[in-house]
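# Close look at the chain arrangement
The chain contents come next:
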Amino acid sequence: MTTTTVPAADALTGTQRLTFAKAITLGLRRALADDPNVLLMGEDIGKLGGVFRVTDGLQAEFGAKRVVDTPLAESGIIGTAIGLAMRGYRSVCEIQFDGFIFPAFDQITTQLAKMHYRSRGRLTLPVVIRVPYGGGIGAVEHHSESPEALFAHTAGLRVVTPSSPAQAYAMIQEAVRSPDPVLFFEPKGRYWEKGDVDLDAPATNGLDGARVVRQGTDITLVAYGPTVQTALKAADTAAAEGTSIEVVDLRALSPLDTATVAESVRKTGRCVVVHEAPVLYGTGAEVAARVTEECFFHLQAPVLRVGAFHTPYPVAKIEHDYLPSLDRVLDAVDRSLAF
């Protein structure tokens, strides 16, 4: 596994070309430096630097009391973070792989999500849970899940996912500063992709707002996390054939920025939603319902969805047939345009 060596402190400025993973590393480092009440918790995140080396070098710099190697107990990690939040700390918890989050599901959905509401606003729980999610890395069972809809369905949680190194750097800092519990889903299949990151840029509204990442006129592709790049490739391919695709990156699944999506669909008249999670009861269903409600008289075709199939995640040899490919996205575009 390649390490994500952290640059010297005086190098953390200007625009740098970074991998997705290293952008998160530097965002976490900035959060630790800015607020002494921020601490990181997780399995093997200290000396090892995490399975994907996202926290590499941070324990050496900030110490074992702020970058904490925990026991292999996800429920215990989240429960401890809840208690620390009540005493004024801001914990950033790493779940090694998406499929390992379920032992902590009870703590997240019945305690973390509800404490602010239950206390009538007297308590805030600023806890961030980092979840490497999605497929494409050839992993074994329970290492390539996309459980984001389960948490977006739970009131009281923010659910966000960056799609580029620049977004990852800014959004992880925003998540740490948020007074709300944040599920921060990181597309691990994109960890090694590089992009330009302005290390001096102010924080944006990535926790609340979608954004149009490519302008178009014929059809809107809505995506998030790992499928944003797939949507952009589809737009490039379609452009060569004379079709103009607009791509909207949701960034936040909860709260969902319906206004940005609806504005795009009113312009194009068509919409396809793409995500790696299974289509059935997925985020795409919520987007499709809201677009239909708000853009009914502008739609020239039904809202279509492209995602994984309603089966457990398959073995690595056939995972690329399971995930939404470029061809499957373009097929949905063609079907929409045929109406």
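Here, every reference points to the structure presented above.
Keep in mind the model is a prediction, meaning the values are calculated, not measured.

On to the packing of aromatic side chains, then. Taken as a whole and assessed by the stated rule, the structure comprises 11 aromatic pairs. When the centroid spacing of 5.6 Å and the interplanar angle of 70 degrees are considered together, the rings of F97 and F100 count as edge-to-face. When its relative accessible area of 23% is taken as the criterion, F100 is described as partly exposed. When the ring of Y191 is compared with that of W192, the centres are 6.1 Å apart and the planes differ by 90 degrees; the resulting orientation is edge-to-face. Residue classification places Y191 among the buried positions, given a relative accessible area of 1%. Following the ring pairs from residue to residue traces out a cluster consisting of F52, F97, F100, Y191 and W192.

In this structure, S146 sits in the loop between β5 (128-133) and α6 (148-152). Judged by relative accessible area, which is 18%, S146 ranks as buried. Setting aside residues up to four positions removed in sequence, S146 forms contacts with Y133, G134, E276 and A277.

Pairing is mixed in the open sheet, where 5 strands are placed in the order β9-β11-β10-β13-β14. Only two strands of the sheet have a single neighbouring strand rather than two, namely β9 (211-214) and β14 (304-308). If you compare each strand with its neighbour and ignore which way they point, the axes differ by 25 degrees on average. Relative to strand β11 (residues 245-249), strand β10 (residues 219-223) runs parallel, the two being bridged by 5 bridges. Bridge pairing in β11 links L221 to V247.

Formed by 42 residues in total, the largest nonpolar core has its most connected members in I108, I129, L183 and L250. Looking at this core, the elements that each hand over two or more residues are β2 (38-42), α3 (74-86), α4 (105-112), β5, β7 (182-187), α9 (258-268), β13 (271-278) and α10 (283-295). A per-element tally of this core places α3 first, with 5 residues. Listed in part, the 36 residues of the second largest apolar core include L12, I24, V92 and L207.

Criteria and cut-off values
Residues numbered from 1 in each chain as written. Predicted model: local features only at pLDDT ≥ 70, side-chain atom pairs only at ≥ 80, totals over all residues. Heavy atoms only, no water. Phe/Tyr/Trp six-rings, centres within 6.5 Å; stacked < 30°, edge-to-face > 60°. Buried < 20%, exposed > 50% of the residue type's maximum accessible area, 1.4 Å probe, protein only. Helix = DSSP H or I, 4+ residues; strand = E, 2+ residues; numbered from the N terminus. Contact = heavy atoms within 4.5 Å. Pairing = 2+ DSSP bridges. Axes fitted to C-alpha atoms, helices over the stretch in contact; angles between N-to-C directions. Core = buried A, V, L, I, M, F, W, Y, C linked by side-chain atoms within 4.5 Å.

In short, the description is geometric, and any link to function would need to be established separately.
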